[in-house]
Number of protein chains: 2
Amino acid sequence: MENFSEWFHDISEEVNITDARYPIKGMSIWMPYGFQIRKYTLEILREFLDEECEETLFPLLIPEAELAKEGLHVKGFEDEVYWVTKGGQKDLNECLALRPTSETAMYPMYALWIRSHIDLPMKYYQIVNTFRYETKHTRPLIRVREITTFKEAHTAHATKEEAAEQVETFMEIYKNFFDCLGIPFLICKRPEWDKFPGADYTMAFDTIMPDGKTLQIGTVHNLGTTFAKTFDIQFENKEGEHEYVYQTCAGLSDRVIAALIGLHGDEKGLRLPPVVSPKQITIIPILFKEGKEEVIAKCDELKKLFEARDLRVNIDDRDIRPGKKFYDWELKGTPIKLELGPRDLKNNKTIITRRDTLEKIDLELDDNLLNNVIDVLEDMDEKLYNNAWNNQEDKFKFSDDLEEIPKLIEEGNVVAFNWCGDTECGQEIEEIVDYDILGIYEELDEDATCITGEERANYIALIAKTY
Amino acid sequence: MENFSEWFHDISEEVNITDARYPIKGMSIWMPYGFQIRKYTLEILREFLDEECEETLFPLLIPEAELAKEGLHVKGFEDEVYWVTKGGQKDLNECLALRPTSETAMYPMYALWIRSHIDLPMKYYQIVNTFRYETKHTRPLIRVREITTFKEAHTAHATKEEAAEQVETFMEIYKNFFDCLGIPFLICKRPEWDKFPGADYTMAFDTIMPDGKTLQIGTVHNLGTTFAKTFDIQFENKEGEHEYVYQTCAGLSDRVIAALIGLHGDEKGLRLPPVVSPKQITIIPILFKEGKEEVIAKCDELKKLFEARDLRVNIDDRDIRPGKKFYDWELKGTPIKLELGPRDLKNNKTIITRRDTLEKIDLELDDNLLNNVIDVLEDMDEKLYNNAWNNQEDKFKFSDDLEEIPKLIEEGNVVAFNWCGDTECGQEIEEIVDYDILGIYEELDEDATCITGEERANYIALIAKTY
């Protein structure tokens, strides 16, 4: 993939993922094939989240008075908020914000719902559209003005410790979710100057896209008592005293789909992990006049066989030549293409093509067929996962030379370096290198010196070109 | 249910369906239990729609220039549209509407996508939030400013006949969908003065709520070529000539859930059709010191047994008395409550309580248990359906006396009457009776006279008090 940006744009349009020609900059349409990928991705996400939180749905609009309450928070978003000022032909009494995120929509309600320690912990999530008036260059799924798929979870706890544990739990959920999709990640504690507006600290997941730029694909924030104090969310503890709750929130967006597409794709198109592929097996009948009915009947039979094990299967019976069908489904990234012609049927066999390796495999049309196909799908999951993680490792470099870093980054790497952790020092590094510090990747126990050569290094930090 | 309005409000809050205390009038929160009902309802709807259309997702915001293009349409919505006029701290160059419905968001894209007759029919749908600046009294799920669950399907066809057939197909889908939920309906062709702005004609589904007022729960519109001409949606036919497409659209909203709750509920709370109930079987262990482990083990075993057949089951193991558990799940409308204590276990039996009839049934803990439970669930589906349709029939009256109609309506009925079909005559009837004509219910073949006593009656029309 020589030019990732071009590849990503072309594939999105060619296989019907998004259409960016909508007449508002930064807002695209989810086309049918993309919508299906999104749907299966959300199903997996919901499975994980439903174990931990309850799903809800809050209104889109936030009264200006609520949004403005938390000073640090509103400052972080003031240049990005879309405002509704008119209803019908009248000016509204109060401006209404399109949610950029939902803390200020949800927490006034948390203040109503939480009365006592028995109401805690309270853990809700929602999957909604959110809005940011982006002034930078927009790009479907990556930098958009309508985030169509914003998953946000919001929890409230009785103690600081529980909130910290919740942050860890969300991180575990994200790890498992990304593992399911074969998306590798780097976890950092974001630097002070780049944390979520209003948070005590922010843990972030980044992935390295094929062009070497990192894409933030998930964040978990420990909010401490900042919002609780602003929105007066108090509970009566067991001793009958009133205390502020400790809060966390965690978010994922459309970018997960961008990573899914970008990290696994190749020159021939998408390579979708079976778990999210709209079709997992595409059957391509090879038809001649002779034996046509038998081949069609066998294809139907195989479809039923696979569907009985909850596999998503289609038969491409379009009246076009098989080569074009192969091309189309390779582009769409369907994990297994199964072809069946009259000669195959006679020999009681079929040929399947794996999308990941493009390998062709002869399989007998016997009792083992179903299990053989399932084995291939599982192997594909593993290979896509390993391949993506190997790519990430190749792009992970350590450096102790400030001058070398820009070169390494321009070559498509993320660079780890020893850092003292001081804000002023960090911002100086960003200025010298002219790239962004992702944050603290690891704590350092051994004796080491900050890359600036002065202080003791307490951490390994990462620096990269970011989306 | 003496006071339906009060009942509906109370039940919504008590069982966590919606919370209307959000600080914007007409915008509520879907609470966890309500969200689950909504989720299962949408799953059923998607199953029906996916057979017919492909799901997509269009942006929320519509540029003013697009919304304003279709004159009739914009006139119908101009007092109801919310306008975004600011992004960050800047005024936008062009105002952006929060979609009141998505014709004007989708059809400019249809004009790009449709080139030739082979692109037709084009059938997409989406399930999104839409906005109406309602000035009337708002009420959760029934009259809201944010419709959170707006399903809209939009199709384009090569011929007028195909579009008319599509209208019929959507009506069939709606019938099947409402049948699944046990929601009875009346189908009318809306009168000219009440059709969708821009449509050739509108077919509407109404249901009669317990207070006798009708609630519009679904509409299907034949748009003819009105929007095609406005948005220049043309295709090249087989002869190489350019023609405008014929379009239809069809919509459902949150009101389906309002009907589901309102029509089946009773004084003790919700009575949810098994198909949409978050839990279909709630197991209530009756625990004493003695035999506690055995009862818990058996409850777990039963849960697994039911879940293996894809039933949604929970065990209420809260440390409160069983009576309170019974009360809670009766309120929430869980179809079957299954209780199991040490004595039951000894006698190898269990008692289940049907939510619809409140009947208690002894069942053996034998190999037939699963099928017996499934039979009860199926019978409940049927009983709730029949009960709701019988209630509707009781409220359906015919009258040939204009003066009698207001009295019949105030008693909670919908009234059928003979009508000539003339607009002026219809509006005069509405003025005299002071209620709304729902539309044409049936064509009349036999000789009859319009209720106004002058013209020949061509139709049976319906008139009612509407939501």
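Throughout, residues of each chain are indexed from 1 in the direction in which the sequence is written. The naming scheme follows written order: chains are lettered A onward, ligands numbered 1 onward. Under the rules for a predicted model, residues below a pLDDT of 70 receive no local features and side-chain atom pairs below 80 are neither given nor counted, while totals for whole chains, interfaces and linings still include all residues. By convention in this description, side-chain values take in all heavy atoms of the structure and omit both hydrogens and water.

Draft legend 1. A look at the packing of helix H2 (residues 32–50) of chain A against helix H6 (residues 160–181) of chain A. Residue and element names in this part refer to chain A. Axis geometry follows a simple rule: fit a line to the C-alpha atoms, using only the stretch in contact for helices, then measure angles between N-to-C directions, giving values from 0 to 180 degrees. Strands here are runs of E lasting at least two residues and helices are runs of H or I lasting at least four, both read from the DSSP assignment and numbered beginning at the N terminus. For the pair H2 and H6, the least separation of the axes is 10 Å and the interaxial angle reads 150°. On the basis of the axis angle, H2 is roughly antiparallel to H6. The element H2 and its partner H6 pack so that their crossing is right-handed. Listed contacts from H6 to Thr41, Ile44, Leu45, Phe48 and Leu49 of H2 are Ile173, Asn176, Phe177, Cys180 and Leu181. Classification convention: Asp, Glu, Lys, Arg as charged; Ala, Val, Leu, Ile, Met, Phe, Trp, Tyr, Cys, Pro as nonpolar; all other residues, Gly among them, as polar. Class assignment for the residues of the contact of H2 with H6 results in eight nonpolar, two polar and no charged. Orientation categories follow fixed angle ranges, with anything under 35 degrees roughly parallel, anything over 145 roughly antiparallel, 65 to 115 roughly perpendicular, and all other angles oblique. Helix crossings get a hand from a simple test, with the near helix turned counterclockwise from the far one by less than a right angle marking a left-handed crossing and a clockwise turn marking a right-handed one. Residue contacts follow a heavy-atom distance rule, with two residues in contact if any of their heavy atoms lie within 4.5 Å.

Draft legend 2. Spotlight on the environment of Ile374(A). Along the chain, Ile374(A) turns up in helix H12 (residues 369–394). Sequence-distant contacts of Ile374(A), that is, excluding residues within four places in its chain, are made with Arg309(A) and Leu311(A).

Draft legend 3. Quick peek at the interface of chain B and chain A. Taken residue by residue, the interface counts 52 residues in chain B and 53 residues in chain A. Both sides together, the interface formed by chain B and chain A hides about 4,600 Å², and carbon and sulfur atoms give 66% of it. Note on terms: buried area is the combined drop in 1.4 Å-probe accessible area of two parts once they are placed together, counting the loss on both. On the chain B side of the interface with chain A, the three residues burying the most area are Tyr22(B), Leu57(B) and Pro59(B), jointly 13% of the side's total. One speaks of a salt bridge when a side-chain nitrogen belonging to Lys or Arg is within 4 Å of a carboxyl oxygen belonging to Asp or Glu. Here Lys39(B) and Asp50(A) are joined by a salt bridge, their closest N and O atoms 3.9 Å apart. Between N or O atoms, a polar contact is any pair within 3.5 Å; within protein, one atom must be a potential hydrogen donor and the other a potential acceptor, and residues adjacent in sequence are included only when both atoms are from side chains. Linking chain B to chain A there are 17 residue pairs in polar contact (both at pLDDT 80 or more). Here the side of chain B that touches chain A is composed, by residue class, of 30 nonpolar, eight polar and 14 charged. Any two strands between which DSSP finds at least two bridges are classified as paired. By the bridge criterion, five bridges tie strand S5 (residues 82–87) of chain A to strand S5 (residues 82–87) of chain B in an arrangement that is antiparallel. Note that in S5(B) the partner of Lys86(A) across the bridge is Trp83(B).

Draft legend 4. Molecular detail of the relation of the copies chain B and chain A. For the least-squares superposition of copies, only C-alpha atoms count, and only for residues with pLDDT at least 70 in both. Expressed as a screw operation, the relation of chain B to chain A combines 0.0 Å of axial shift with a rotation of 180°, fitting to an RMSD of 0.0 Å. What the superposition gives is, in effect, a two-fold axis relating one chain to the other. Distance from the rotation axis, computed per C-alpha, reaches its smallest value in chain B at Val84(B): 2.0 Å. Of the residues that chain B buries at the interface, 100% are likewise interface residues in chain A, meaning the two copies contact each other through the same surface.

Draft legend 5. Fine view of the packing of aromatic side chains. Side-chain rings of Phe, Tyr and Trp (the six-membered ring for Trp) are treated as a pair once their centres are within 6.5 Å; stacked means planes under 30 degrees apart, edge-to-face means over 60, and tilted covers the remaining angles. Counted by the stated rule, this structure contains 44 aromatic pairs over all chains. Here Tyr82(B) and Phe131(B) contribute two aromatic rings whose centre-to-centre distance is 6.4 Å and whose plane-to-plane angle is 90°, an arrangement assigned as edge-to-face. Of the two residues, Tyr82(B) sits in strand S5 while Phe131(B) sits in strand S7 (residues 122–131), which places them 49 residues apart along the sequence. Grouped by ring-pair contacts, the aromatic residues Phe58(A), Tyr107(A), Tyr110(A), Trp113(A), Tyr124(A), Phe227(A) and Phe231(A) constitute a single cluster.

Draft legend 6. Structural detail: the environment of Tyr40(A). All names here are of chain A. Tracing the backbone through its elements, the reader meets Tyr40 in helix H2. Tyr40 gets classed as buried once you look at its relative accessible area, which sits at 13%. Sequence separation of Tyr40 and Leu370 is 330 residues, and the distance between their C-alpha atoms is 22 Å. When near neighbours in sequence (up to four residues on either side) are disregarded, Tyr40 contacts Val275, Val276, Ser277, Pro278 and Arg312. Any residue under 20% of the maximum accessible area for its type is buried, any over 50% is exposed, and the rest in between are partly exposed; the area is computed with a 1.4 Å probe on protein chains only.

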